[in-house]
Each structure stands twice: as structure tokens, then as C-alpha cells.
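# Descriptive structure summary
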Amino acid sequence: MGMTPFYIEKVILHRLVMDLKNPFETSFGTFKKKDFFIIEAVDGDGNHGFGESVAFPIPWYTEETVATTEHVIKDFLLPLLFEKAIQHPDEISKRFAVVRRNNMAKAAVEGAVWDLYAKRQGVPLAVALGGERDRIESGVSIGIQSSVSDLLKIMEGHLEEGYKRIKLKIKPGMDVDVIREVRHHFPEIQLMADANSAYTLKDTDTLKQLDAFGLMMIEQPLGHDDIYEHSLLQSKLDTPICLDESINSLTDARAAVELGSCRVINLKIGRVGGISETKRIHDFCRGKGVPVWCGGMLESGVGRAHNIAVASLPQFVYPGDISASDRYWERDIIKPPVTLQNGEIIVKSTPGIGYDIDWQALEANRVECHVHHR
Ligand code: OSB
Ligand code: MG
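Every chain's residues receive numbers from 1 upward, in the order its sequence appears when written. In the order they appear in the text, chains get letters beginning with A and ligands get numbers beginning with 1. With the structure being a predicted model, the display of local features is reserved for residues of pLDDT at least 70 and the display and counting of side-chain atom pairs for 80 or more, all residues being used for whole-chain, interface and lining totals. Heavy atoms from the whole structure form the basis of all side-chain values; hydrogens and water molecules are not counted.

## Some points on unusual backbone geometry
The omega torsion across K335 and P336 is -10°, close enough to zero to call that bond cis. A run of DSSP states H or I qualifies as a helix once it reaches four residues; a run of E qualifies as a strand once it reaches two. Both are numbered from the N-terminal end. With respect to the element layout, P336 can be found in the loop between β12 (334–335) and β13 (344–346). One non-glycine residue, S197, adopts positive backbone phi at about 75°. Checked against the element boundaries, S197 lands in the loop between β7 (190–194) and α7 (204–209). A positive phi is found at N342, a non-glycine position, where the angle reads about 50°. Mapped onto the fold, N342 is located in the loop between β12 and β13.

## Some thoughts on the packing of helix α9 (residues 250–259) against helix α11 (residues 275–288)
Remark: α9 packs on α11, axes separated minimally by 9 Å, with the N-to-C direction vectors making an angle of 20°. Overall, the two elements α9 and α11 adopt an arrangement that is roughly parallel. Classified by chirality, the crossing of α11 by α9 is right-handed. Within the contact between the two elements, α9 uses L250, A253, R254, V257 and E258 and α11 uses E277, R280, I281, F284 and K288. Taken together, the residues that form the contact of α9 with α11 break down as five nonpolar, no polar and five charged. Note on method: axes are straight lines fitted to C-alpha atoms, helices fitted across the in-contact stretch only, with angles between N-to-C directions ranging 0 to 180 degrees. Here roughly perpendicular refers to angles of 65 to 115 degrees, roughly parallel to angles under 35, roughly antiparallel to angles over 145, and oblique to all remaining angles. It is the rotation of the near helix from the far one that decides the hand of a crossing: anticlockwise by less than a right angle makes it left-handed, clockwise makes it right-handed. We call two residues contacting when some pair of their heavy atoms lies within 4.5 Å. For this classification, the nonpolar set comprises Ala, Val, Leu, Ile, Met, Phe, Trp, Tyr, Cys and Pro, the charged set comprises Asp, Glu, Lys and Arg, and every other residue, Gly included, is treated as polar.

## As for the nonpolar core
Counting residues in hydrophobic clusters, the biggest one holds 120 residues, and the most contacted among them are I8 and M155. Ranked by residue count, the leading element in this core is helix α3 (residues 103–121), at eleven residues. For every domain, the bounds stem from an assignment made automatically or drawn from a database. Each of domain 1 (8–123 + 357–373) and domain 2 (127–353) gives at least three residues to this core. Excluding residues that lie within four positions of it along the chain, I8 makes contacts with A41, V42, L81, F82, I86, V113, L116 and R374. Among the nonpolar cores identified, the runner-up in size contains six residues, and M192, M216, M217 and W293 belong to it. To form a nonpolar core, buried Ala, Val, Leu, Ile, Met, Phe, Trp, Tyr and Cys residues must be joined to one another through side-chain atoms within 4.5 Å. Think of it in three bands: residues with accessible area under 20% of the maximum for their type are buried, residues over 50% are exposed, and the middle band is partly exposed, with areas taken using a 1.4 Å probe on protein chains only.

## Things to note about empty space enclosed by the protein
Detection works on a 1 Å grid of protein atoms alone, calling trapped sets that fit a 1.4 Å probe cavities and calling open sets with protein on both sides within 12 Å along at least five of seven lines pockets, with lining residues defined by an atom within 4 Å of a point. Grid points are joined across faces, edges and corners, and a volume is the space filled by probe spheres set on the points. Across all of its chains, the model carries four cavities of 30 Å³ or more by this definition. If you add up the space inside the largest cavity, you get close to 210 Å³. Along its surface, the largest cavity is lined by 23 residues, and F24, K169, K268, G296 and M297 are the ones closest to its centre. Elements supplying a minimum of two residues to the lining of the largest cavity: β1 (8–26), β5 (139–142) and β6 (165–169). Sort the elements by how many residues they give to the lining of the largest cavity and β5 lands first, with three residues. Tallied by class, the residues present in the lining of the largest cavity amount to nine nonpolar, six polar and eight charged. As for the second largest cavity, its lining consists of 16 residues, of which E52, V54, I269, G270 and H306 are closest to the centre.

## Quick look at the domain arrangement of the chain
Structurally, the chain comprises domain 1 (8–123 + 357–373) and domain 2 (127–353). Between domain 1 and domain 2, the contact holds 44 residues from the first and 47 residues from the second. Simply put, the buried area is the total loss of 1.4 Å probe accessible area from both parts when two parts are fitted together. Carbon and sulfur atoms make up 63% of the surface buried where domain 1 meets domain 2, a total of about 3,800 Å² over both sides. The largest per-residue losses of area from domain 1 upon contact with domain 2 belong to K21, F24 and Y61, which jointly make up 18% of the total buried on that side. What makes a salt bridge here is a side-chain nitrogen of Lys or Arg within 4 Å of a carboxyl oxygen of Asp or Glu, nothing more. Counting across the domain 1 and domain 2 interface gives two salt bridges. Here R331 makes a salt bridge to D358, at a shortest N to O gap of 2.9 Å.

## Brief notes about the site of ligand 1
The full set close to ligand 1 counts 17 residues, and K169, N196, K268, L298 and Y328 are the nearest of them. In protein, a polar contact means a hydrogen-donor-capable atom and an acceptor-capable atom, both N or O and within 3.5 Å, with residues adjacent in sequence counting only if both atoms are side-chain atoms; elsewhere, any N or O pair within 3.5 Å suffices. With respect to ligand 1, the side chain of S141 contributes an N or O atom lying 3.0 Å from an oxygen atom. Residue exposure ignores everything except the shown protein chains as possible cover, and the areas themselves are Shrake-Rupley values with a 1.4 Å probe. Relative to its unbound accessible area of 390 Å², ligand 1 is 100% covered by the protein chains. Assignment to a cavity or pocket requires that more than half of a molecule's atoms be within 2 Å of the site's grid points. Counting atoms within 2 Å of the grid points, the majority share of ligand 1 lands in the largest cavity. Considered class by class, the residues forming the shell around ligand 1 number seven nonpolar, three polar and seven charged. Shared between two domains, the shell around ligand 1 holds at least three residues of each, these being domain 1 (8–123 + 357–373) and domain 2 (127–353). Near residues are defined by distance, with any heavy atom within 4 Å of the molecule or strand qualifying the residue.

## Focus: the coordination of the magnesium ion (ligand 2)
Surrounding the magnesium ion (ligand 2) are the protein donor atoms D194 (OD), E219 (OE) and D244 (OD), at 2.1 to 2.3 Å. The sequence pattern formed by the donor residues of the magnesium ion (ligand 2) is D-x24-E-x24-D. You can see D194 sitting in strand β7 and its partner D244 sitting in the loop between β9 (241–243) and α9, a full 50 residues away along the chain. Residue D194 is classed as buried on the basis of its relative accessible area of 1%. With water excluded from the atoms, a metal site may look incomplete; its donors are any N, O or S atoms within 2.8 Å, or within 3.2 Å for Na, K and Ca.

## Thoughts on α9
Note that an α-helix has 3.6 residues per turn; residues three or four places apart therefore point the same way. Those residues of α9 that fall on the buried side of the exposure criterion are L250, D252, A253, A256 and V257. For α9, the buried positions fall inside an angular range of 155° around the axis, keeping them on one side. In the core, the buried residues of α9 are packed alongside β9, β10 (264–267) and α11. Two to three positions downstream of the cap, the backbone nitrogen of T251 sits 3.3 Å from a side-chain oxygen, assigning the N-cap of α9 to S249. The directions from the helix axis to the C-beta atoms form the arc being described.

## Section: the sheet that holds β1
Two strands pair under a simple rule: DSSP has to find at least two bridges between them. Taken in spatial order, the four strands of this open sheet run β3-β2-β1-β15, and their pairing is antiparallel. Sheet topology places β3 (48–52) and β15 (366–373) at the edges, where each strand pairs with a single neighbour. With direction set aside, neighbouring strand axes in the sheet form an average angle of 20°. As paired strands, β1 and strand β2 (residues 29–43) are joined by 14 bridges and run antiparallel to one another. If you follow H14 over to β2, its bridge partner there is I38. Each of β1, β2 and β15 touches helix α1 (residues 66–83); the most contacted strand, β1, lies at about 155° to it. Strand contacts of helix α12 (residues 301–310): β2 and β3, with the helix running at about 95° to β3, the strand carrying the most contacts.

Below is the structure:
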């Protein structure tokens, strides 16, 4: 598609604070609310593109925070964005490569450009990316609960809502016994566990016990920055390891796959620095026959819409952590909210992310707003 180059004339940073319906507990901490940026990019022809920054206020998942993303976006990424006209969004990650890491900051801005580009083309974002699915399977990630009976009740509710796969957060002391009991109650469901880096190789025997429960995979058992030790662990486990925190680039994905550190990859747009890098990792995994699925960061509807578009690519073969809006929010900031149809989410066929901003809801949750001009 030959395209006239376009400039981004203006970028608006909307800072929002939204209450989660229920607290979400992981091995590293508990989330009660979301504090994040929506990035709005505007061209000279009246088009608006939206991206979401997935960094949390505290650097407990990766090193980025809401404050570091604001600094890096304002002081480094926006000048690079405004500097030259854009022909295709794949140029953005190349332009941003002079800034090391800061992947969530990069992805937030690049995501807004992808949405804007798709809208300029008049095509859905999923189509602009080469997506092939018109619906995607939806999974749900459940935080650590204080009792197994609470957990079983929550699971029952989500299974009734139609979710196709359940992911349980685990940590030392809340693992084998919990999974055993859950499996006893739900012998057939697609089930997996996410440790968020809470174990070491000394826990190999505990992790090996999980082999008895037919889990689809165990996500990020060891160090957030490790690739080597996961290869040692994977050689001892029957359960496939899925890497999340350890994969921040195509380089990491290649190392992990070639070393046998994992058999599955959780792809998050923010963690790897944007949609273009997500596509590169996707294409590599497709060539290697390694399945991928789309992870989540408790996003609002904007980030969720990007995840849905990305998950329409062919190598996203497992249900993702892309749940309905009402799993997280009383009222989402997009119209309509994301909903399930028989455990699936329809990929929108309208231009860009395919959802409108619910400005009333966005403004109700907005605590700051800054406009930056080219
Ligand atoms: O490890 O996948 C993770 C939430 C916050 C930080 C890290 C993770 C998660 C989730 C929730 O598992 C996924 C979601 O429902 O958005
Ligand atoms: Mg994870």
C-alpha cells in the first residue's frame, strides 16, 4: 500500500486512575487500582489514534513505572516522533531504538500511531497487522485468594461466563495443594499457573509435582531476567514452561527458544516495546512452531483493543489473558465495552482499534492532561 507520509501534529497524555472491581493479588504484590496513561496522537487531517501505557506505579513487574514512562515519553520519544513524517508504523520502533529499553513507554506511543495509521487507511487494526481471525478465545487470570473455597467459587463464576481457560497465580506455599484441589473439582478445564518469578531452582521438586495435574503450562517460575536456569528446569519438567517477564525482545525470544528455556511464549505488547516487535517475535515463533498467546496488564479498553487486534494473528493459538471489560471495571473507557460471545471476543471490523472512546468515562477518571505539539 503506497501511503503519503503524515506527521503527528499533537500528542495528548491523559493520566487516569481507575478502581479495579476486585483487588488482584500476585506473588509480587496486590493491585487495587490502575494508574496509567492513555496516549492520544493527532495528525493534520483530523484523525486520532489511541495507545495505552501498561506501566504500573511501582516497578515490581518490570523496572518501568508511571513516572519513568512519563519522563521518557515527554523528554525523548515525542521529539523523535515529531521529528519526521511517518510512512508506516514499523518505522517508529526503529526511530525509538536510540533509546535503550523503556519498552512500555515506547509501546504506548507506537500503539497510538498504529491506531492512527489504520484509521488513515480505513482498515481495522487487526487487518493492518495481518490478523486472520474474526474472533479470539478468551481466558481469565485469577489472583491469589485467601481460601481455596473462595477460589473455586470465583472459578465457577468465570466458567459459567464462558471463559475458555483459567490461569491461577501461584507462590511458594500456595501451589501444589491449591492446584491439586482445583484440578479435583475441575478435571477437564484448560488450566495453567503463573508464578511471576517466585521460585528458584531449589524448588524444582515442588514444581515437578505440578506435572501430575495436566497444566497447559507454567508461566515464569524462575528469575524475571533469567533464560539459562529456565532451560535447566524445562529439561526436568513435563509441563511446558511459558516465559513472560524474561522475554523483552526478539533477541530474548530467540535465546529462550534455541536454549529450550520454554515451549510457549506469553506476548505482551508493552513488555516487548510495541506492536512491531510483537509481530517480529510472533513471526519467529511461527517459523519455529512455538505457540504464543497474548498476556494482559489489567488494561483499560484501549490497551485491551490493541491486544485483541494482535491476538488475531495466526500463531496466537491459546486463549489469552484478554477478558471482558466487566471482569476489571464497573465502567470501561471504551464504547461498547469488550464482551464475550460463547467465551470468544469478536475482532472488530471498523477502522483502527474498532472501539470509540467513552469520553464521559475517560474524563471521570482523568487526573491530569498534557498537550504536546510538534
Ligand atoms: O504476569 O501476566 C502477568 C497482571 C499484572 C501483572 C502481571 C500479570 C498480570 C496478569 C493479569 O496475570 C492479566 C490480565 O488479566 O490483564
Ligand atoms: Mg505472567
